[in-house]
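Coordinate inspection notes
Listed below, chain by chain, are the residues.
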Amino acid sequence: MNFETLAVHAGHAIDPETGSVAPPIHLSTTFARDPEGVPLGGHTYIRESNPTERQLEAALASVEGGEAALVFASGMAAGIALLQTLPPGSHVIFPDDVYYGFRIAAEQHLPDWGISSTAVAMDDLAAVEAARRPETRLIWIESPSNPLLKVTDIRAVVELAQKAGALTLLDNTFATPALQRPIGMGVDVVLHATTKYFGGHSDVQGGALVFARKDELWERADHVRHILGAVASPFNSWLVLRGIRTLACRMAVQSSGAMEVARMLAGSPAVSAVHYPGLESHPGHEVAKRQMSAFGGMLSFRARGGREAALRAVSRVRLFTRATSLGGVESLIEHRATSEGPQSRTPQDLIRLSIGLEHPDDLTADLEQALEGA
Ligand SMILES: *Cc1c(COP(=O)(O)O)cnc(C)c1O
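Residues numbered from 1 in each chain as written. Predicted model: local features only at pLDDT ≥ 70, side-chain atom pairs only at ≥ 80, totals over all residues. Heavy atoms only, no water.

Further remarks concern the pattern of salt bridges. A complete count under the given rule lists 19 salt bridges for this structure. For Glu-53, the salt bridge goes to Arg-225, with nearest N and O atoms at 3.3 Å. Taken together, the residues Glu-53 in helix H2 (residues 51-64) and Arg-225 in helix H8 (residues 216-228) connect sequence positions 172 residues apart. Of the two residues examined, Glu-53 and Arg-225, each falls in the buried class. Among the salt bridges present, the one from Arg-352 reaches Glu-334, with a minimum N-O distance of 2.7 Å. Of this pair, Arg-352 sits in strand S12 (residues 350-354) while Glu-334 is found in strand S11 (residues 332-335), placing the two residues 18 residues apart along the sequence. What emerges from the salt-bridge pattern is a single network uniting Glu-53, Arg-54, Glu-57, Asp-222 and Arg-225. (Salt bridge = Lys/Arg side-chain N within 4 Å of Asp/Glu carboxyl O. Helix = DSSP H or I, 4+ residues; strand = E, 2+ residues; numbered from the N terminus. Buried < 20%, exposed > 50% of the residue type's maximum accessible area, 1.4 Å probe, protein only.)

In structure tokens, the structure reads:
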């Protein structure tokens with residue numbers, strides 16, 4: 001089945017009791033048992049499992065091509081739950097520009113749990129190879145990455161990990177399965193901040209892990225969620241489930257809008273560099289073309305005049321909203337280093353854009369006037 005069709009129908013069986021076409025939300029925290037004590041519908045208590053969460057998990061597994069999924073309270077909670085399945089003494093290789101929340105977790109929390117890590121330039125395979133240790137249990141990939149839009153050769157890193165007996169996790173938040181299917185490339189676990197494109201409307205927080213196999217790793221992550229408690233609420237699960245239905249068409253429009261914005265910026269004298277994998281000048285363009293069907297709605301660029309010019313341009317937009325986050329229907333702009341705070345390593349001249357569903361001509365016109373004299 002084609003992705004567009006799958007996205008509309010995944011996890012959306014007609015409710016047999018009422019015939020409702022839209023799925024119900026099950027808010028119940030507890031579930032009844034028959035006189036022998038057997039749970040009537042397979043559920044017992046909301047933190048362990050609930051029907052709305054299960055429906056979302058089935059849909060996510062289906063659109064990512066995995067055997068099972070688990071949903072969490074946030075993207076961070078999902079990623080941390082996977083790290084919590086690793087035994088003490090494990091070593092993890094992260095990309096050097098991994099989502100900043102995970103970098104801070106790696107520096108400030110993982111050592112307390114007996115987990116060491118190394119940050120490497122994931123687009124440099126020799127560097128990944130050199131970082132490998134006998135106790136390396138996991139290689140973490142983020143492609144395209146946030147906020148530099150670096151592209152990793154997924155198949156090459158998977159091959160390296162398999163030789164080393166390590167698992168691979170890919171943070172697919174930027175591309176979504178509409179554009180990139182990591183499990184088909186051999187990745188073991190796919191991570192999503194469903195807060196972003198899956199939700200799609202800047203009104204719900206969630207995270208997910210999708211597993212290539214419903215095996216012992218899935219079981220351990222399920223146990224971590226059940227006992228440590230980073231669960232998704234039924235209402236949030238329901239909103240994400242709704243978002244999946246329009247994901248394919250939103251990603252298509254946002255990708256073509258981002259391409260137009262990237263081309264305009266690449267020709268602007270106020271811009272010294274544009275980071276968008278759809279541009280031929282992007283160092284990861286050829287790899288991105290092999291592993292993505294379009295290049296996504298996220299891009300970043302550098303103001304030629306440095307930090308002050310970047311801040312000035314961000315202050316002058318009229319249509320873009322100055323806010324962090326991404327993946328919603330409205331276009332957002334941010335001075336990323338300011339959003340990340342004092343621990344940020346993002347270049348001070350960098351502006352990050354999340355392209356929404358507005359007409360690209362209106363977006364390029366807004367940026368052109370904002371960059372005038374920048
Ligand atoms: C936002 C984001 C996360 C974290 O998701 P939250 O829901 O904010 O916890 C992780 N990875 C990437 C790439 C993100 O953009």
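Our focus in this paragraph is the sheet that holds strand S1 (residues 68-72). Across the sheet, seven strands lie side by side as S1-S7-S6-S5-S4-S2-S3; this open sheet has mixed pairing. The two strands at the open ends of the sheet, each matched to only one other strand, are S1 and strand S3 (116-120). Between one strand and the next, the sheet's axes are offset by a mean angle of 20°, whatever the strand orientation. Bridge count between S1 and strand S7 (residues 207-211): five bridges; the pairing is antiparallel. What sits directly across from Ala-68, in S7, is Phe-211. Running over the sheet, helix H6 (residues 154-164) touches strand S4 (136-142) and strand S5 (167-171) and is turned about 155° from S5. (Pairing = 2+ DSSP bridges. Axes fitted to C-alpha atoms, helices over the stretch in contact; angles between N-to-C directions. Contact = heavy atoms within 4.5 Å.)

On to helix H14 (residues 360-371). Look at H14: 16 Å from first C-alpha to last across twelve residues, which is about the 16 Å you get at 1.5 Å a residue. Next to the buried residues of H14 lie helix H10 (247-266), strand S8 (271-275), strand S9 (298-303), helix H12 (306-316), S11 and S12. (Expected span 1.5 Å × (residues − 1).)

Attention shifts here to the site of the ligand. Surrounding the ligand, one finds 16 residues, the nearest of these being Gly-75, Met-76, Asp-171, Thr-195 and Lys-196. Contact distances for the ligand include 2.8 Å between an oxygen atom and a backbone N or O atom of Met-76. A distance of 3.0 Å separates an oxygen atom of the ligand from a polar atom in the side chain of Gln-205. About the coverage of the ligand: the protein hides 94% of its 380 Å² of free accessible area. The residue inventory of the shell around the ligand, partitioned by class, reads six nonpolar, seven polar and three charged. (Near = heavy atom within 4 Å. Polar contact = N/O pair within 3.5 Å; in protein donor to acceptor, adjacent residues only side chain to side chain. Areas by Shrake-Rupley, 256 points an atom, 1.4 Å probe, with all protein chains shown as cover. Nonpolar A, V, L, I, M, F, W, Y, C, P; charged D, E, K, R; others polar.)

The next subject is the packing of aromatic side chains. Tallied over the full model, the rule gives five aromatic pairs. Measuring from ring centre to ring centre gives 4.7 Å for Phe-102 and Trp-140, while their planes differ by 55°; the resulting arrangement is tilted. Within this pair, whereas Phe-102 is found in helix H4 (residues 100-108), its partner Trp-140 is found in strand S4, the two being separated by 38 residues in sequence. Assessed through its relative accessible area of 3%, Phe-102 is described here as buried. Using a relative accessible area of 0% as the deciding quantity, one classes Trp-140 as buried. In this structure, Lys-214 packs its charged tip against the face of Trp-218, placed 4.6 Å from the ring centre. (Phe/Tyr/Trp six-rings, centres within 6.5 Å; stacked < 30°, edge-to-face > 60°. Lys NZ or Arg CZ within 6 Å of the ring centre and 35° of its normal.)

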